[in-house]
Amino acid sequence: MDIRQVNASFAVADQVTEADLPQLKAQGFGTLICNRPDGEVDGQPGAEMLAARARELGFDWHWIPISSGNFTPEAVMAFDQVLAATGQPVLAFCRSGTRSITLWALAQSSRHTSAELVAAAAQAGYDLSPMAPLFDARFKS
């Protein structure tokens, strides 16, 4: 598991497994957001199985699956609502972390400039510069 800190209360990671959950709890994460649809690849743990174990350990669990770069307005709004409602550190994950960081940036884009979002993503190791025009459009609206 490759955890990349984006800011003090938000991080992204690649696929999380059931075995990773105690470590995430020990690192202080309280909310998990799974952005991976079930069945994307063979051997991937199912969201419901992960959700059950995560809840047993005291995590708040949210499943906002994104497939094929399909960042719907509903998914962006749901992600933003989770971030706004939680008072604890959040870890969002998918296959590589890219969908999760992109969804985070889209959710933040009405409050932050594209330069700020691209810089935060770059600091975490992700290049979101091709999406800057989309972030700008949301920031200005």
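Residue numbers here run from 1 along each chain, matching the order of that chain's written sequence. Given that this is a predicted model, residues contribute local features only at a pLDDT of at least 70 and side-chain atom pairs are listed and counted only at 80 or more, while totals for whole chains, interfaces and linings are drawn from all residues. Calculation of side-chain values draws on the structure's entire complement of heavy atoms; hydrogens and water are dropped beforehand.

Examining the overall build of the protein
- Working definition: helices are DSSP H or I runs of at least four residues, strands are E runs of at least two. Numbering for both runs from the N terminus. Counting its secondary structure elements, the protein contains six helices and five strands.
- For the protein, the α and β elements follow one another from N to C terminus as β-β-α-β-α-β-α-β-α-α-α.
- Each radius of gyration is computed over the set of C-alpha atoms, and the globule rule expresses the reference value as 2.2 Å times the number of residues to the power 0.38. Expected size for 141 residues packed as a compact globule is a radius of gyration near 14 Å; at 14 Å, the protein falls within 12% of this value.
- Referenced to the eigenvectors of the C-alpha coordinate spread, the extents of the protein come out at roughly 40 × 30 × 25 Å.

Focus: the packing of aromatic side chains
- Ring geometry is summarised as follows: Phe, Tyr and Trp rings, the Trp one being its six-membered ring, pair when their centres sit within 6.5 Å, and such pairs are stacked at plane angles under 30 degrees, edge-to-face over 60 and tilted between the two. Counted under the stated rule, the structure contains three aromatic pairs.
- Ring centres 6.0 Å apart and planes at 80° place the aromatic pair Phe10 and Phe79 in the edge-to-face group. With Phe10 in strand E2 (residues 10–13) and Phe79 in helix H3 (residues 73–85), this residue pair connects regions lying 69 residues apart in the sequence. With respect to class, Phe10 is no different from Phe79; both count as buried.
- Members of the aromatic cluster, joined through ring pairs, are Phe10, Phe79 and Trp104.
- A ring has a charge above it when a Lys NZ or an Arg CZ is no more than 6 Å from the ring centre and no more than 35 degrees off the ring normal. Positioned above the aromatic ring of Tyr126 is the side chain of Arg4, whose terminal nitrogen or guanidinium carbon lies 4.8 Å from the ring centre.
- Its guanidinium or amino end placed over the ring of Phe59, Lys25 lies 4.7 Å from that ring's centre, counting from NZ or CZ. Classification of residues uses two cut-offs on accessible area relative to the type maximum, computed with a 1.4 Å probe and protein chains only: under 20% is buried, over 50% is exposed, and between them is partly exposed.

Brief notes about the sheet that holds strand E1 (residues 3–7)
- Criterion used throughout: strands pair if DSSP finds at least two bridges between them. Taking strand neighbours across the sheet as the criterion, the five strands line up as E1-E2-E5-E3-E4 in an open arrangement whose pairing is mixed. The open sheet has two free edges, formed respectively by E1 and strand E4 (60–63), since each of these has just one partner strand. Strand after strand, the sheet turns through a mean of 20° between neighbouring axes, direction not considered.
- Where E2 meets strand E5 (residues 90–93), four bridges bridge the pair, whose relative direction is parallel. A fitted line through C-alpha atoms serves as each axis, taken over the contacting stretch for helices, and the angle formed by two N-to-C directions is quoted from 0 to 180°.

Quick look at the pairing of E5
- The side-chain alternation of E5 yields two buried faces, one formed by Val90 and Ala92 and the other by Leu91 and Phe93.
- Relative to E5, strand E3 (residues 31–34) is paired through four bridges, and the arrangement is parallel. If you follow Leu32 over to E5, its bridge partner there is Leu91.

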